[in-house]
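Secondary and tertiary structure notes
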Amino acid sequence: MEVSFYSLDNDNNKIIYKSEYKKINNTIIFKDKSLENTDLYITIENDHLVIKRIGQVTMTFKAKLKEITDGYYKNEMGLEFNFKVKTTSLILKDNRIDLEYLMILDNEVINSHKIWIIIR
């Protein structure tokens, strides 16, 4: 079983890869091929997602449409901070996730992201 991951930010940085995944209850788990030794855990709820990166980078946030939620980031070099996420678009289908969000730091939008995940 394979997942295709696509990401685009406001600076036009693209991340595209395919990875094998496993599903445990409502969580999809796969290697984050944009970072070494890092896994992505995407938990799908009725009206939101919880996205966690665990490994070289630790990051977690909840994506809920039109809400501002808390997020956390830490990397191996010691950079660590809390941030906010405003989800501007969220479409959850059986085999696809479309997500658009703004990352907010110190009350300022620092970037925007679009993520598409296709599950096969």
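Here goes a summary of the coordinates provided. (Residues numbered from 1 in each chain as written. Predicted model: local features only at pLDDT ≥ 70, side-chain atom pairs only at ≥ 80, totals over all residues. Heavy atoms only, no water.)

Points about the overall build of the protein chain
Keep this limit in mind: Numbering of helices and strands starts at the N terminus; helices are DSSP runs of H or I of at least 4 residues and strands are runs of E of at least 2. Radius of gyration: C-alpha atoms only; globule rule: 2.2 Å multiplied by the number of residues to the exponent 0.38. Buried, partly exposed and exposed residues are distinguished by accessible area as a fraction of the type maximum, computed with a 1.4 Å probe on protein chains only: under 20%, between the cut-offs, and over 50%, respectively. Surface accessibility in these figures is a Shrake-Rupley result with a 1.4 Å probe; residues are shielded only by whichever protein chains are displayed. His residues and chain termini do not enter the charge count, which takes Lys and Arg as positive and Asp and Glu as negative. The location of each charge is read from NZ of Lys, CZ of Arg, CG of Asp or CD of Glu.
Scanning the protein chain for helices and strands turns up zero helices and ten strands. Each helix and strand of the protein chain, placed in order from N terminus to C terminus, yields the pattern β-β-β-β-β-β-β-β-β-β. Its C-alpha radius of gyration of 14 Å places the protein chain within 12% of the 14 Å reference for a compact globule of 120 residues. Dimensions of the protein chain, computed from C-alpha atoms along their principal axes, come out at roughly 40 × 35 × 30 Å. Taking all 120 residues of the protein chain together, 38% fall into the buried category. Accessible area of the protein chain: about 7400 Å², with a carbon and sulfur share of 47%. When the 18 positive and 18 negative side-chain charges of the protein chain are each reduced to one mean point, those points stand 5 Å apart.

Observations concerning unusual backbone geometry
Located in the positive-phi region is asparagine 37, a residue other than glycine, with phi close to 50 degrees. Its location among the elements puts asparagine 37 in the loop between β3 (27-31) and β4 (38-44). Classification of asparagine 37 by relative accessible area gives exposed; the value is 69%.

A few points about the sheet that holds strand β9 (residues 96-105)
We apply this condition: At least two DSSP bridges between two strands are required for those strands to pair. In this description, a line fitted to the C-alpha atoms serves as the axis of each element, helices being fitted only across the stretch in contact, and the angle between N-to-C directions of two axes falls anywhere from 0 to 180 degrees.
Around the barrel, ten strands lie side by side as β1-β2-β3-β4-β5-β6-β7-β8-β9-β10; this closed barrel has antiparallel pairing. Mean inter-strand twist for the sheet, computed between neighbouring axes without regard to direction, equals 25 degrees. Pairing of strand β2 (residues 14-24) with β3 involves four bridges; the strand directions are antiparallel. In the strand pairing of β3, tyrosine 21 is matched with phenylalanine 30.

Regarding the pattern of salt bridges
Keep this limit in mind: What makes a salt bridge here is a side-chain nitrogen of Lys or Arg within 4 Å of a carboxyl oxygen of Asp or Glu, nothing more.
Counted under the stated rule, the structure contains six salt bridges. Lysine 64 is paired through a salt bridge with aspartate 47; the nearest N and O atoms lie 3.1 Å apart. Residue lysine 64 is found in strand β6 (residues 57-64), and its partner aspartate 47 is found in the loop between β4 and β5 (48-55); the two are separated by 17 residues along the sequence. Notably, a salt bridge pairs aspartate 70 with lysine 84, separated by 2.5 Å at the nearest N-O pair. Of this pair, aspartate 70 sits in strand β7 (residues 68-75) while lysine 84 sits in strand β8 (residues 80-93), placing them 14 residues apart in sequence. The exposed category is assigned to aspartate 70, whose relative accessible area is 54%.

Topic: the side chain of histidine 113
Keep this limit in mind: As used in this structure description, the phrase polar contact means that two N or O atoms lie within 3.5 Å; if the pair is within protein, one of them must be able to donate a hydrogen and the other to accept it, and residues adjacent in sequence are counted only when both atoms belong to side chains. The contact rule is simple, with two residues in contact once any of their heavy atoms fall within 4.5 Å.
Inspection of the secondary structure assignment puts histidine 113 in strand β10 (residues 108-119). Reaching out from histidine 113, the side chain makes a polar contact with the side chain of asparagine 111 at a distance of 3.1 Å. Dropping the residues within four chain positions of it, histidine 113 is found in contact with Ser7, Leu8, Asp9, Leu99, Glu100 and Tyr101.

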